[in-house]
Every structure is written in structure tokens, then in C-alpha cells.
Amino acid sequence: MSLKMWQTYGGVGYASVGYDTVTGELGERMNSLGLPPIIQGGMGAAVSSWTLAQTVAKEGQLGVVSGTALETIVARRLQNGDEGGHMREALAHFPYPEVAQHILDMFYLPEGRGGKPYRPMRRISIKAHKEHDQLAVAANFVEVWLAKQAGTGKVGINFLEKLQTATPAALYGAMLAGVDAILMGAGIPREIPQLMTDFAQGKSGHLSIDSDRPSGIDAPILEFDPLESFGTAPELPRPAFLAIVTAEVLAGYLARNEVTRPDGFVVEHFTAGGHNAPPRRMQDTETGYGPLDEANIDKIRAVGLPFWLAGGRATPDAVADAINLGAEGVQVGTLFALSRESGLLPVYREQMLQAARDGKLKVRTDHRASPTGFPFKVVELPGTAGDESVYKARPRLCDLGYLRSSHINDANKVTYRCSAEPDEPFLKKGGEQEELAERICLCNGLTAAVGLGQERADGYKEAPLLTLGSTTGDVDAMLQEFPDGWSAVDVVNRLLSGIEMAAN
Ligand SMILES: Cc1cc2nc3c(=O)[nH]c(=O)nc-3n(C[C@H](O)[C@H](O)[C@H](O)COP(=O)(O)O)c2cc1C
């Protein structure tokens, strides 16, 4: 990610595109994009699974599935016996039955794994790989298709710009299932609008990859060609594209050119869960963030595109405030992550709720944990990777590799590395010693949090890594009303009461 870009471009707005807000029944309020006021934020990996997104979509709001690592998630659910048959049901609707059958042959274990490790997965690279692309398309199709069994409810999918090599095939799979919105953060998604347009027109799509490379060598281009993968390339409906930004400068930069212009924005505060944009500069606060990192909402509004506010916006007052600032509504994560429909294993959800009840829920902004280099919100819970003794005891190993960066040398040879991988290969491939310190393996930690963690042949089990937003006041306020926990429907109703407040 080019942080310089983030900081350099000014927020020069262009003429407002003008759109109507049609207010019908409360909860049916939609804007010109056909999107409702409440967005249940995408939460990887599989915290915002199809179950959560479907529940929210049924309530008339935007349910967003996480598009992170879905090929691993779906392959592992199949290896666990596919309880309820949902993966198989969705695969039966995949338009390419021979590909669906191949996936079942590869991964489906009717009796489960019997304690054996999950099958190794091919790690993504800057080169297209037909079999892996087919799996990625099918897995993203499955998650969106299942979420969309919510009748007319709207469903979005969330991708991380940083995971560039995973994006084209994943995006195509989501579009094949008729996804209504694509939401992307953790970087500058300038090529995504064009990629979506190309896929909608039945063309192949391209994405340039930010490989570290000598000057004079062009950025590698990753192509996903539906014709090559499936022998046919139908025209598809083009979803809305919402770029997740933290500052008006990035919103202005993206909106200025029609090639990069999204349909709207989610403006995410640095208190939001998961990854955060780095602070403009480290400030003398507990988190390193401060006044410099507050988005200028007047300037965002002046850009003229619909926007939603995210990060600590989960009380009725905060929702009403967002509407009064000119937002369409809010995107909320933490309260949905803690709801009964979230993909988090119930035992971890309950431990976090209990910590909140005891006044001990602690979320730190960790500037070192994520190998992406972005700050990451880590829940400090004993026994999880957020506990120093647990992550330090973990033998380093990189077997999923979603966060690997690519490096091209003078001889045009490509190597991949992740600063959470074992020291020796990392250094051999040209990595710097200081990059290794305090990194947590997000891939394994986050999959363990949703009950899909690897169990290695020597009996080692991956510990979970938990993330939440740092506005724990939202959780405390919700607990006042729902001391025993809540459903996603309760969250939606609470947020809608904020919309009602703003309307009165
Ligand atoms: C468990 C969890 C995982 C998250 N993962 C992602 C993610 O993969 N991609 C993303 O863009 N945002 C992610 N987020 C951010 C949410 O989508 C949302 O913007 C944010 O949580 C809103 O702030 P709140 O938690 O204070 O409501 C995550 C948040 C949580 C709580």
C-alpha cells in the first residue's frame, strides 16, 4: 500500500451526483444505489459468514459476508462433513457442475476428518492457476448464494485490497452469485471499478499487483479469464462498489476520476475492528491515533457520493448523529461479531461477553501484530493469540499464506514472504530481521477463531486470534439491554431506532 498516495492527494470534490433518499417504511429506506441504512460490516475470516449476512439481509439491511480466504473456509467445512449440507446445497447451484463435483471429490469427507489435519491448500501467487481459481470462484459463489437465500434482502461481500492476488477470482464468484455490493478496504482500490465492469460485460479482468520490484520492471498483471476457467463468460449484473476509506483525501482521490470512482464510501474510524489504516503519524496517545486521523465529514459529504460511517457507531445516538451529518447510515461490526449468528465459535464469543460484563474486555491497537504492516485490533483474552505467552510459544509456520508479499529480483525471479513465517526462510528471501518481531500469524489465528483452525500431525492446535472494535462502550450499552447476549436482529432493531430518532 502506498501510504504516500494516501497522504498526498487532496480531497478536491467534484460536482455532487445528486441522489434521492427515498424514505418508506422504517427499515425499507433505500438510497439511489438500492442500499439500506444499516450495513453489517464484513468481518474476516468467516466471522461475517453467510448465516449472519442472511439474518441481516432478511431484516431488510445489508448483510455482508467476508470474502477473505473463502476457498480455505469452504474446503475445511467440507472436510468437517458439511453439517447441515449447506456447502453441498450451494455447490449444487453452481453453474459449472463438473467443477462443483471436482471440489466435492477433493474435499468432502462425509464422516469428517477423524482428527486428521486439514488438507494442505495451494498458496495464492501472482500467476493465475486454473484449479485454484475455480475453487476460489466456487467458494465465493457458495457464501454469497447462501446469504442470498434471504428472499429480496441485499447481500454484499467484503474484500481486502491488500490480498490482491486473491481478488479477481473471488470477485467473479461473488458476481456469479448475484452479489449486490462489493466493499473493499485495507488499501486503495483504484482498479476494482474497472474489474467489476469487465466481468459484468463478460470479459476477462486484470489487476496490477503491488510487487516489490526493481525500477524498470513493470508491476505484474494478474488476469482472471472466465472463458479460460469455465469455457463460457456470461454477462453479469454489476453490483454497487463501496470503497472503505478513513480520510477525505482518499475519498476525493478515488472519486475524481471516473475509472477509479466507487459508487459510495464507508468512512471507517480508527476504533473499528480488524485492520485499520496507519495513523498519519504516530501521536502521543495510547493507540498512536489522534485528532489528525479524524476524517473531515464535511469534505467527505462535499465529494457528493453516498457514504456510511463506521467505527463506534452502534448506539442509537451515534446512528442519529451519522444521519444528521449527511451519511446514509452506519456500518457496524463488533455488535454483530458478538451476536448469536456470527461465525465466531460460541465459546470465544461468550468469553468476550463475560469479560465485558466483568468490565475487563480489553482491545489493543497493535501496530506490530499483522504481517501486512497495518495496525490490527487484538482482543487480549487469555489462551488466545492476543496473549503474549500464547503467540510466542507458537512454532512459526506459514501454510496458508494469504498475507505473503511478492518480491521480484533483477533476474525477474519472484519470491514470496510473510513476516510471520519462520525466521530462516524469511531472511534468506531478503527479509529484514526487524520485520519479524511480534508478528502474529493472522491466517491461522483467524481461522481458528471460527472453529476451522489447523490441527497438525504432531497434535499441535492453532490458537484463535480475536479482534473487535475498541469502542467497548457499544458492547456495554448493548449488555444493559441484553445481559444474556443478543441476536443480529436485536442489533438491527437497536440501530434502526437511531434512524427513527434522526427522522423525528
Ligand atoms: C471481528 C471483526 C473482523 C473484521 N474484519 C474486517 C475485514 O475482514 N474487512 C474489513 O473491511 N473490515 C473488517 N472489520 C471492520 C468492520 O467491517 C466494521 O467496519 C467495524 O467493525 C465497524 O466498527 P465497530 O466494530 O466499532 O462497529 C472487522 C471487524 C470485526 C469486529
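Residues numbered from 1 in each chain as written. Predicted model: local features only at pLDDT ≥ 70, side-chain atom pairs only at ≥ 80, totals over all residues. Heavy atoms only, no water.

**Section: the site of the ligand**
In step 1: Near the ligand there are 21 residues, and of these Glu268, Gly312, Gln331, Gly333 and Thr334 occur at the shortest range.
In step 2: Between a nitrogen atom of the ligand and a main-chain N or O atom of Gly273, the distance comes to 3.4 Å.
In step 3: Residue Thr334 places a side-chain N or O atom 2.5 Å away from an oxygen atom belonging to the ligand.
In step 4: Considered on its own, the ligand offers 600 Å² of accessible surface; in the complex 95% of this is hidden by protein.
In step 5: Of all elements in the fold, only strand E3 (155-160) and strand E10 (329-332) reach the threshold of two or more residues within the shell around the ligand.
In step 6: The class makeup of the residues in the shell around the ligand is 7 nonpolar, 13 polar and 1 charged. (Near = heavy atom within 4 Å. Polar contact = N/O pair within 3.5 Å; in protein donor to acceptor, adjacent residues only side chain to side chain. Areas by Shrake-Rupley, 256 points an atom, 1.4 Å probe, with all protein chains shown as cover. Helix = DSSP H or I, 4+ residues; strand = E, 2+ residues; numbered from the N terminus. Nonpolar A, V, L, I, M, F, W, Y, C, P; charged D, E, K, R; others polar.)

**Let's talk about unusual backbone geometry**
In step 1: The peptide bond linking Gly44 to Ala45 adopts the cis configuration, its omega dihedral lying at -15°.
In step 2: Turning to its location among the elements, Ala45 is positioned in the loop between strand E1 (38-40) and helix H2 (50-58).
In step 3: Of note in the backbone geometry, Ala69 takes a positive phi value of approximately 60° without being a glycine.
In step 4: Following the sequence through the fold, Ala69 ends up in the loop between strand E2 (62-66) and helix H3 (70-79).
In step 5: With phi around 50°, Asp82 is a residue other than glycine that occupies positive phi space.
In step 6: Along the polypeptide, Asp82 turns up in the loop between H3 and helix H4 (86-92).

**Examining the packing of helix H6 (residues 130-147) against helix H7 (residues 167-176)**
In step 1: Put simply, H6 and H7 touch, their axes get as near as 7 Å, and they point 40° apart. Considered as vectors, H6 and H7 are oriented oblique to each other. In the crossing of H6 with H7, the sense of the turn from one axis to the other is right-handed. Contacts between H6 and H7 involve Asp133, Ala136, Val137, Asn140, Phe141 and Val144 on the former and, on the latter, Ala169, Ala170, Tyr172, Gly173, Ala174 and Leu176. (Axes fitted to C-alpha atoms, helices over the stretch in contact; angles between N-to-C directions. Parallel < 35°, antiparallel > 145°, perpendicular 65-115°, else oblique. Left-handed = near helix turned anticlockwise from the far one by under 90°. Contact = heavy atoms within 4.5 Å.)

**Examining the sheet that holds E1**
In step 1: Taking strand neighbours around the barrel as the criterion, the 8 strands line up as E1-E2-E3-E4-E7-E8-E9-E10 in a closed arrangement whose pairing is parallel. On average, each strand axis in the sheet is inclined to that of its neighbour by 25°, with strand direction left out of account.
In step 2: The sheet contact formed by strand E9 (residues 307-310) and E10 spans 3 bridges and is parallel. Considered in E10, the bridge of Ala310 is made with Gln331.
In step 3: Against the sheet, H2 makes contact with E1, E2 and E3, and its axis sits at roughly 170° relative to E2, the strand it touches most.
In step 4: In the packing of H6 onto the sheet, contacts are made with E2 and E3, and the angle to E3 comes to roughly 145°. (Pairing = 2+ DSSP bridges.)

**Concerning the pairing of strand E11 (residues 363-366)**
In step 1: Burial of the side chains of E11 extends over both faces: Val363 and Thr365 are buried on one face and Arg364 and Asp366 on the other.
In step 2: Judged from the 4 bridges that link them, E11 and strand E12 (residues 376-379) form a sheet pairing that is antiparallel. Along E12, the bridge assignment pairs Thr365 with Lys377. (Buried < 20%, exposed > 50% of the residue type's maximum accessible area, 1.4 Å probe, protein only.)

**What to know about the pairing of strand E14 (residues 414-417)**
In step 1: Sheet topology note: the strand E13 (residues 405-408)/E14 ladder contains 4 bridges and is antiparallel. In the strand pairing of E14, His407 is matched with Thr415.
In step 2: Counting the residues that bridge the hairpin from E13 to E14 gives 5 residues, and of these Asn412 lies at a positive phi of roughly 65°.

**Side note on the packing of helix H12 (residues 316-324) against helix H19 (residues 488-503)**
For any two helices packed against each other, the geometry comes down to the angle between their axes and how far apart the axes lie.
In step 1: Where H12 contacts H19, the two axes come as close as 7 Å, and the packing angle between them is 45°. Regarding the angle of H12 to H19, the classification is oblique. Viewed along their axes, H12 and H19 form a crossing whose handedness is right-handed. Where H12 approaches H19, its residues Pro316, Asp317, Val319, Ala320, Ile323 and Asn324 are matched on the opposing element by Arg494, Leu495, Ser497, Gly498, Ile499, Met501 and Ala502.
In step 2: Of the residues assigned to the contact of H12 with H19, the class counts are 8 nonpolar, 3 polar and 2 charged.

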